[in-house]
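# Structural overview
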Amino acid sequence: MDSGPKRRYGRRLVLACLAACAGLIALDSVLFRTGFYATILEPDSSTGLCELILRREMSAQERYGDRLVATFGNSRFAWSPREIDRRPGPHKYEFRNAGVAGSDVRAWYYMIRDLDPTARRYKALVFGVDDYADEDRYYNPNDDIRALHYVIARLRLSDVPEFARSFDSRELQIAAFRGGLLKGIIFQNDLQAFLAHPIKRLSYVSLCNRSWPMWVYNYEETPNSMAGLQIDWNTLKVTFPPGVNQDQRDTVNNFLAHEPEPQIGRVAAFQRTWYGRILDRYRGSPTKIIFLRLARGPVPRPDNLTHKLSSSIRELASRPNVMLLDEHVFESLERPELFRDGMHLNREGIRRFSYMLEDEITRVLDGTGGGVN
Amino acid sequence: MLFNTVHFFEFLAVVLVLFYASPRVLRRYILLLASYFFYGSWNVKFIPLLLTLTAIDYTAGRWIERTPRGPRRKGVLILSLAANLGFLGFFKYYNFLTYNLALLLGKPTGSFFLDIVLPLGISFHTFQSMSYVVDVYRGEQKAVRDPIDYALFICFFPQLVAGPIVRARDFFRDLLDWHPPSGDDVSQGVLLVMFGLTKKMAFADQFAKVANDYFGNVAAHPGWHSAWSGVIAFGMQIYFDFSGYTDMAIGMAKLLGFHFPVNFRRPYLASSITDFWRRWHISLSSWLRDYLYISLGGNRKGQWMTYRNLLITMLLGGLWHGASWNFLIWGGYHGGLLAVERAVRGNRPLSDKWTWLYPLKAVATFLLAMIGWVFFRAANLPQSRQVLAQMFSGPAGRDLLLPWHVELIGLALLLAIAEEKLDWFDRVAKAPTLVYASALALILFCLELFGVIDAQIPFIYFQF
């Protein structure tokens, strides 16, 4: 064979491989980037839940105009809109809970970007954090792969390199890059489950679209409490009240009664990056960014147990439009009888927290005190 | 280094670049070194064994060619076969034989047990090596002069660990008169590699989950519905797994300028068990036919001898797969079915016409093949009996195959029928670039949506 045909064949192969890769991305995009598939996701999956929340909040934007205050947090930032609505008197702001259990600020960044593309749709965004100081714990927040699943439907092609780089481990970087580029890999299980029972899925999705906001609105947390819980902070010995289950014990042991981890600035860097990016989006926007410190637990961990090196939240609060609630404002909730386990408020705790949240945020937004800028 | 890993594709890319960037005289050495590296990546300890067998058969081939016909020439052949079968027997069958011997002698079953690790691909490369020596003995193949060429024939990495079993004449035709692959070869090669990878990861590995679940705990899945779905899942797994591997091997060989024979030709469309064996693991079945069945007399010595030969051939074919009574029974089952078919059909040639009866015959053949797979997959004889009992009696139970598994089977069936009738694979490989690229994109999309990506389930035939 002379070099002419050989070159032609080589060119054909290279062209075909490039076209095949482009075709693959196109097929993947048609199915997973057009927004169609996000509407039929399993509502009980992490991605499906995130999408339900986003759909609910987007429709709320049309209803409530510029009175909206959205809160972002994980399962610890639990409050009840129903409790707020039950309170007598006019409510100046409409509080919306856009938080997702298990999520973190990296996921919220991508959610907020799609929820508020103009960065002007909300009166305020409220972020609930465990602490204003940065405490490194046993896990690395950069390497929480759940973030990929929460935001996969929101990731754009241009996000992929940066999102993948945000993980520390090489393995997770590859997984995030691969999944971000070809979303079908992440949606694989969901798609297979859909193909297994398509009619059942569509009916459930339709039911959730109709009823899920009301289910969430009417949800009542358990009244169970940790009353009687005691922790000896010198020995980290925990005295549990009778009748607590293993999950409750685990949350106390893992979240509160643990040895301090070496402080290496991991959390600080993570928070500076992702809250920093959110704040950058809202630079010059009328939307206020408010941080609050959540109730630290049924028996709060003494501050002197860990020597915390920095406070990224306080640093960020020096920016215009950013406010910190007084960190002690929710300390009255830090009582065993208001918690259902070592980290989550129970029904009564949520009721009280909801009232306090509305009061404090309203006060800060109205400029009648409480906030620290 | 499994074919379905990133490491392997990195290795393949390096080999392809080095191979084509090097002067022609060095290319054999590059392939040889790459092949030993590939084999060594599994277990370096077995490279001396591979070298020993290579040296024995290379010498035997040369010796046989120099020796005139007669008992001495036969003696060299027997020596070579004994060495190959001796190694194979020791590594593969020693513990099985001594286990049964101990049972016979009434001793504890572990009395003669040795902790032997089966060298990867030994069943394949010994058969390949033996066929070469026999061909030289029969005068059908010239003895290879250059030991490098012979070593490459034995250890060529695309087919070293699980075939296809390549005949010496095919391999040396390509090696000694090597031409760069044509454009069609390259197109087919890339398509075969991707298609094989998809068969493995998107089909075989998905069915593997169901089959492993069922055979991992048969008692937990009572009922004939569960049993049939578990067995069909395994039938699908083994087909897609092995044919996927073979497609990749053939595709990689094409990219390097070698042409391996077809090893699978849509076996589940076979209209009889005889037809099945003309479509399933063709390189093994033709090896067994040429070197065992015909040596035993084939069909030349009357009806009963033909049946006997079929049975012996398939029994040994079964035993080739592994040292257990299950494989022996599996071989015997197929040998028996072949003999029965032969008795019914007589000397009439096999008809492959697609008449209205064909689908019925294909379904019957498929079900018979599935029953055979019970022995192949079950952990032991009691489990085989348990599965067969479930398949043919008792309550219905639960279907272990999900609707999308059935959709995958439907898709595969459509593609197989289309290939049988329209030869679409070749047409796609030769089609205009846009069509070819679209086919590649669809294959990749299927891999993306159904591929078991992070589990790295090994190929079934690597254990043989």
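All values reported here derive from a predicted model rather than from experimental measurement. (Residues numbered from 1 in each chain as written. Chains lettered and ligands numbered in written order. Predicted model: local features only at pLDDT ≥ 70, side-chain atom pairs only at ≥ 80, totals over all residues.)

## Describing the overall build of chain B
For clarity, the threshold we go by: Secondary structure elements are defined from DSSP: runs of H or I of at least 4 residues count as helices, runs of E of at least 2 residues count as strands, and each element is numbered from the N terminus. We take the radius of gyration over the C-alpha atoms and set the globule estimate at 2.2 Å times the residue count to the 0.38 power. Labels follow a simple rule on C-beta atoms placed from the backbone: if 20 or more others lie within 10 Å of a residue's own, it is buried; if 12 or fewer, it is exposed; otherwise it is partly exposed.
Each helix and strand counted, chain B has 18 helices and zero strands in total. Taking 2.2 N^0.38 as the reference for a compact globule, 464 residues should give roughly 23 Å; the C-alpha atoms of chain B span a radius of gyration of 23 Å, in line with that estimate. Across its three principal axes, chain B shows a C-alpha extent of roughly 65 × 65 × 50 Å. Residues classed as buried in chain B amount to 44% of the 464 residues present.

## Observations regarding the overall build of chain A
Selection rule: Here, residues touch in the contact sense if the C-beta positions derived from the backbone fall within 7 Å of one another.
The helix and strand inventory of chain A stands at 13 helices and eight strands. Taking 373 residues into account, the globule formula puts the C-alpha radius of gyration at 21 Å, and chain A, at 23 Å, falls close to it. Principal axes of the C-alpha set define a box for chain A whose edges measure 85 × 50 × 45 Å. Counting the 373 residues in chain A, one finds 40% classified as buried. Here the contacts in chain A between residues at least 6 apart in sequence split such that 81% fall between residues at least 24 apart.

## Section: the domain arrangement of chain B
Residue and element names in this part refer to chain B. As a reminder of what qualifies: Domain ranges listed in this record stem from an automatic or a database domain assignment. Asp, Glu, Lys and Arg are counted as charged, while Ala, Val, Leu, Ile, Met, Phe, Trp, Tyr, Cys and Pro are counted as nonpolar; the rest, among them Gly, fall into the polar class.
Annotation of chain B at the domain level lists domain 1 (6-180) and domain 2 (184-463). Here domain 1 and domain 2 have C-alpha centroids that lie 25 Å from each other. Residue-level contacts link 25 residues of domain 1 with 23 residues of domain 2. Residue assignment for the side of domain 1 that touches domain 2 shows that the elements contributing at least two residues are helix H1 (6-21), helix H4 (71-105), helix H5 (122-138) and helix H7 (168-176). Here the side of domain 1 that touches domain 2 is composed, by residue class, of 16 nonpolar, six polar and three charged.

## Overview of the environment of tyrosine 36 of chain B
Turning to its location among the elements, tyrosine 36 of chain B is positioned in helix H2 (residues 24-42). For the pair tyrosine 36 of chain B and leucine 411 of chain B, spaced 375 residues apart in sequence, the C-alpha separation works out to 38 Å.

## Quick notes on unusual backbone geometry
Unlike most non-glycine residues, alanine 119 of chain A shows phi in positive territory, near 60°. Structurally, the position occupied by alanine 119 of chain A is in the loop between helix H4 (105-115) and strand S3 (124-129). With a phi close to 55°, aspartate 423 of chain B is a non-glycine residue in the positive phi region. Mapped onto the elements, aspartate 423 of chain B comes out in the loop between helix H16 (403-422) and helix H17 (424-430). Accessibility expressed as a C-beta count within 10 Å gives 10 for aspartate 423 of chain B, which makes it exposed.

## Topic: the domain arrangement of chain A
Residues and elements named next belong to chain A. What the domain assignment lists for chain A is domain 1 (1-32) and domain 2 (33-372). Domain 1 and domain 2 are separated by 44 Å when their C-alpha centres are compared. Tallying the contact residues gives five residues for domain 1 and seven residues for domain 2. Here the residues of the side of domain 1 that touches domain 2 are counted per class, giving three nonpolar, one polar and one charged.

## Section: helix H11 (residues 282-293) of chain B
All names here are of chain B. Rules: Each residue after the first adds 1.5 Å to the expected span of a helix.
With twelve residues, H11 ought to run about 16 Å at 1.5 Å a step, yet its terminal C-alpha atoms sit only 14 Å apart, falling short of that. Considered for burial, the residues of H11 that qualify are Ser283, Leu284, Ser285, Trp287, Leu288 and Tyr293. Here the buried face of H11 lies against H5, helix H10 (273-279) and helix H12 (303-321).

## Focus: the interface of chain B and chain A
Contacts between chain B and chain A engage 22 residues on the former and 22 residues on the latter. The element that contributes the greatest number of residues to the side of chain B that touches chain A is helix H18 (residues 433-450) of chain B, accounting for eleven residues. In terms of residue class, the side of chain B that touches chain A is built from 15 nonpolar, five polar and two charged.

## Remarks on H12 of chain B
All names here are of chain B. With 19 residues, H12 extends 28 Å between its outermost C-alpha atoms, agreeing within 8% with the 27 Å of an ideal straight helix rising 1.5 Å per residue. For H12, the set of buried residues is Thr306, Asn309, Leu310, Thr313, Met314, Leu315, Gly317, Gly318, Trp320 and His321. Where H12 is buried, its residues touch H5, H11 and helix H13 (325-345).

## Comments concerning the nonpolar core
Which entries qualify depends on this criterion: The nonpolar core criterion groups buried Ala, Val, Leu, Ile, Met, Phe, Trp, Tyr and Cys residues into a set whenever they are joined through C-beta atoms within 7 Å.
Counting residues in each nonpolar core, the largest one holds 213 residues, and the members touching the most others are Ala233 and Leu440 of chain B. Setting aside residues no more than four positions away along its own chain, alanine 233 of chain B makes contact with Phe207, Val210, Ala211, Tyr214, Leu400 and Leu401 of chain B.

## Notes on the pairing of strand S1 (residues 68-72) of chain A
All names here are of chain A. Let me state the cut-off plainly: At least two bridges found by DSSP between two strands is the condition for calling them paired.
Most of S1 is tucked away: five of the five residues are buried. What you see with S1 is no split at all: Leu68, Ala70 and Phe72 on one side and Val69 and Thr71 on the other are buried throughout. As judged from the four bridges shared by S1 and strand S2 (residues 94-97), these two strands associate in the parallel manner. In the sheet register, leucine 68 faces S2, and the bridge partner there is glutamate 94. Bridge count between S1 and S3: four bridges; the pairing is parallel.

## A look at the packing of helix H3 (residues 47-66) of chain B against H5 of chain B
Residue and element names in this part refer to chain B. In plain terms, the rule: The axes used here are C-alpha line fits, helices contributing only the stretch in contact, and every angle between their N-to-C directions lies in the interval 0 to 180 degrees. Angles below 35 degrees are treated as roughly parallel, those above 145 as roughly antiparallel, those between 65 and 115 as roughly perpendicular, and all remaining angles as oblique.
Contact pair H3 / H5: the axes reach a minimum separation of 9 Å and the direction vectors enclose 10°. By the angle between their directions, the pair H3 and H5 is classed as roughly parallel. Here H3 contributes Leu53, Asp57, Ala60, Gly61, Ile64 and Glu65 to the contact with H5, which in turn contributes Thr126, Ser129, Tyr132, Val133, Val136 and Tyr137. Of the residues assigned to the contact of H3 with H5, the class counts are seven nonpolar, three polar and two charged.

## Regarding the environment of tyrosine 291 of chain B
All names here are of chain B. Of note, tyrosine 291 is situated in helix H11. On the basis of neighbour count, tyrosine 291 is assigned to the partly exposed category, with 18 C-beta atoms found within 10 Å. Note: C-alpha distance between tyrosine 291 and phenylalanine 127 (164 residues apart in sequence) is 9.8 Å.

## Brief notes about the confidence of the model for chain A
As a reminder of what qualifies: A residue's pLDDT is simply how confident the predictor is in it, with values from 0 to 100.
For chain A, per-residue confidence averages 90 on the pLDDT scale, and residues scoring 70 or more make up 97% of the total. Every residue in residues 369-373 of chain A is under pLDDT 50, and counting partners more than four places away or in other chains gives 16 contacts.

## With respect to the environment of glycine 121 of chain B
All names here are of chain B. Secondary-structure assignment places glycine 121 in the loop between H4 and H5. Taking the C-beta count within 10 Å as the criterion, glycine 121 has 23 such neighbours and is therefore assigned buried. Apart from residues no more than four positions distant in its own chain, glycine 121 is found in contact with Leu160, Val161 and Ala162.

## Regarding the packing of H11 of chain B against H12 of chain B
The packing of two helices is summarised by the inter-axis angle and the distance between the axes. Residue and element names in this part refer to chain B. Put simply, the rule is: In a left-handed crossing the near helix is turned counterclockwise from the far helix by less than a right angle, and in a right-handed crossing that turn is clockwise.
Where H11 contacts H12, the two axes come as close as 10 Å, and the packing angle between them is 125°. Taken together, H11 and H12 sit at an angle that is classed as oblique. At the point where H11 passes H12, the crossing takes the right-handed sense. Counting all contacts with H11, which are made through Leu284, Leu288, Leu292 and Tyr293, the residues of H12 involved are Asn309, Thr313, Leu316 and Gly317. Residue composition of the contact of H11 with H12, grouped by class: five nonpolar, three polar and no charged.

## Section: the confidence of the model for chain B
In this model, chain B carries an average pLDDT of 90, and 99% of its residues clear a pLDDT of 70 or more. Here the prediction assigns the complex a pTM of 0.82, and the interface score ipTM is 0.80.

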